[in-house]
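# Observations on the model geometry
This is what each chain is made of:
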Amino acid sequence: MQSLLTPEQIALWQQLLPLDEGREEGKQQRIVITCHKGPDGDAIGSATALASWLRRLGKEATVVAPTIFPDFLKWIPGADQVLVYDKHEAEVQPVVEAADLIIMADHGELSRMAALGDVVAASTAPRIMIDHHLDPQQGIAQLVISHPELSSTCELVLRLIIELGQYEALTHDEAVSLYTGMMTDTGAFTYASSRPEIYQLISLLLAKGIDKDKIYRNVFFTYSPDRLRLMGYLLYVKLELDRKRHAAIMTFTNAERRRFRTLNGDTEGFVNLPLQILGMKLSIFLREDTERPLVRVSLRSVDDFPCNEMAAEFFGGGGHKNAAGGEVWGTMDQAVKRAKEAINKYAPLLRA
Ligand code: 5GP
Ligand code: MN
């Protein structure tokens, strides 16, 4: 497998995060690992695996998430120790302020950490970015390990662990965390997952004794009856298809959220469903925010349609080619209008 780190990066890593240092009690390096707001399987998986690995090496490592994460990720080993900034600001801020080193996992911009980004920006601790998103923000980390060609940050972390000679000691639980993020960021290996190395890496994780079928069930077979009924309702009543442009728009309001007793994370994955329709190229899922007067936008596509460009141009966001997101400040009607404008603008790419 091609190495991801240059010799300069390895030297810088050793300087910022020496792996072979003594472990004198009370003098350990204090590391805070951050992830993006609305953490997904890759964010929690990569951050918990990094934390566990670094703790084994005698570091003090704490994962800090900007906001809560869905219940279907709570079983991930180490997820119970993740500190959530926006829920416990007063307790978490000092932890970030005391860090000797901050590792930004699965995000390449300070703004992806919401309010936690300000606390991180105010810290003088050096930063390492480990991420696979396009266009990392310049100048925010001393060591930038950015690999947008990889499926997931978990894949990136695993490859770093291998390159740094740390695979032998990788634990079963760390392998579970890493597999989870690789699986969730590829829709259970149905997209962004055709490079042969991915299966070599999966094999290396299986060798640690992980039960990949159980991990799949833990993440994807956790529906409540309400979620399943909501899915049926949205598909039957709310799905709007533009057959000429091979695009779909599905909306979800706060009134529906109450009616179906929707829990945090319950709408996860709904945006992918319309892509199951033959020939569909783009799916847009719009959901009203529960706190602010805005609509969250999720975009998914197949083949070469650039969701990230549409997200940047129309929804003030970004992301990957086949999965991106953003928001529209305003009502659902305004968001639908904006989505239709976006589809019109990109019609030449969608019609073909
Ligand atoms: P989701 O639709 O699951 O919320 O987001 C899919 C992907 O789009 C995320 O992994 C992330 O890369 C990107 N994304 C979502 N929302 C935003 C946003 O507001 N800004 C940027 N830059 N990227 C986003
Ligand atoms: Mn990711």
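Residues numbered from 1 in each chain as written. Chains lettered and ligands numbered in written order. Predicted model: local features only at pLDDT ≥ 70, side-chain atom pairs only at ≥ 80, totals over all residues. Heavy atoms only, no water.

## Some details on the site of ligand 1
The full set close to ligand 1 counts 14 residues, and His133, Arg296, Ser298, Arg300 and Ala324 are the nearest of them. Interatomic distance of 3.0 Å between a side-chain N/O atom of arginine 300 and an oxygen atom of ligand 1. Contacts to ligand 1 include glycine 325, whose backbone N or O atom sits 3.2 Å from an oxygen atom. Protein contact buries 81% of the 490 Å² of open area that ligand 1 shows by itself. Breaking the shell around ligand 1 down by element, the ones donating at least two residues are strand S10 (294-301), strand S11 (318-319) and strand S12 (323-329). Class assignment of the residues belonging to the shell around ligand 1 gives a composition of two nonpolar, eight polar and four charged. (Near = heavy atom within 4 Å. Polar contact = N/O pair within 3.5 Å; in protein donor to acceptor, adjacent residues only side chain to side chain. Areas by Shrake-Rupley, 256 points an atom, 1.4 Å probe, with all protein chains shown as cover. Helix = DSSP H or I, 4+ residues; strand = E, 2+ residues; numbered from the N terminus. Nonpolar A, V, L, I, M, F, W, Y, C, P; charged D, E, K, R; others polar.)

## Things to note about the side chain of lysine 59
Here lysine 59 lies in the loop between helix H2 (41-56) and strand S2 (60-65). Overall, the relative accessible area of 5% leaves lysine 59 in the buried class. A polar contact of 3.4 Å, which involves the side chain of lysine 59, links it to the side chain of glutamate 21. Here glutamine 29 takes part through its side chain, which lies 3.4 Å from a polar atom of the side chain of lysine 59. Beyond its immediate sequence surroundings of up to four residues, lysine 59 is in contact with Leu17, Pro18, Glu21, Gln28, Gln29, Ile31 and Leu54. (Buried < 20%, exposed > 50% of the residue type's maximum accessible area, 1.4 Å probe, protein only. Contact = heavy atoms within 4.5 Å.)

## Regarding the domain arrangement of the protein chain
By the assigned domains, the protein chain splits into domain 1 (7-220) and domain 2 (225-351). Between domain 1 and domain 2, the C-alpha centre-to-centre distance is 28 Å. With eight residues of domain 1 in contact, the opposing surface of domain 2 contributes six residues. Summed over both sides, the interface between domain 1 and domain 2 buries roughly 670 Å², with carbon and sulfur atoms accounting for 55% of that surface. Ranking the residues of domain 1 by area buried against domain 2 places Phe72, Leu134 and Tyr191 at the top, with a combined share of 45%. Run the count over domain 1 and domain 2 and you get zero salt bridges. Looking at side-chain class alone, the side of domain 1 that touches domain 2 contains five nonpolar, two polar and one charged residues. (Domains from an automatic or database assignment. Buried area = accessible area lost by both parts, 1.4 Å probe. Salt bridge = Lys/Arg side-chain N within 4 Å of Asp/Glu carboxyl O.)

## Digging into helix H5 (residues 153-163)
Each full turn of the α-helix corresponds to 3.6 residues, which orients residues three or four apart in the same direction. The element H5 is largely enclosed, with a buried count of nine among its eleven residues. Turning to H5, its buried residues are Thr153, Cys154, Glu155, Leu156, Val157, Leu158, Arg159, Leu160 and Ile161. Count one or two residues on from H5 and you reach glycine 165, which has phi positive near 75 degrees.

## Some points on the sheet that holds strand S4 (residues 101-105)
Reading across the sheet, the six strands line up as S3-S2-S1-S4-S5-S6 and stay open at both edges, with parallel pairing between neighbours. Each edge of the open sheet is held by one strand with a lone partner, namely strand S3 (83-84) and strand S6 (143-146). Bridging between S2 and S3 involves two bridges; their strand directions are parallel. Paired with alanine 65 across the two strands is valine 84, which belongs to S3. On top of the sheet, H2 reaches strand S1 (30-34), S2, S4 and strand S5 (127-131); it is set at about 165 degrees to S2, its chief contact. (Pairing = 2+ DSSP bridges. Axes fitted to C-alpha atoms, helices over the stretch in contact; angles between N-to-C directions.)

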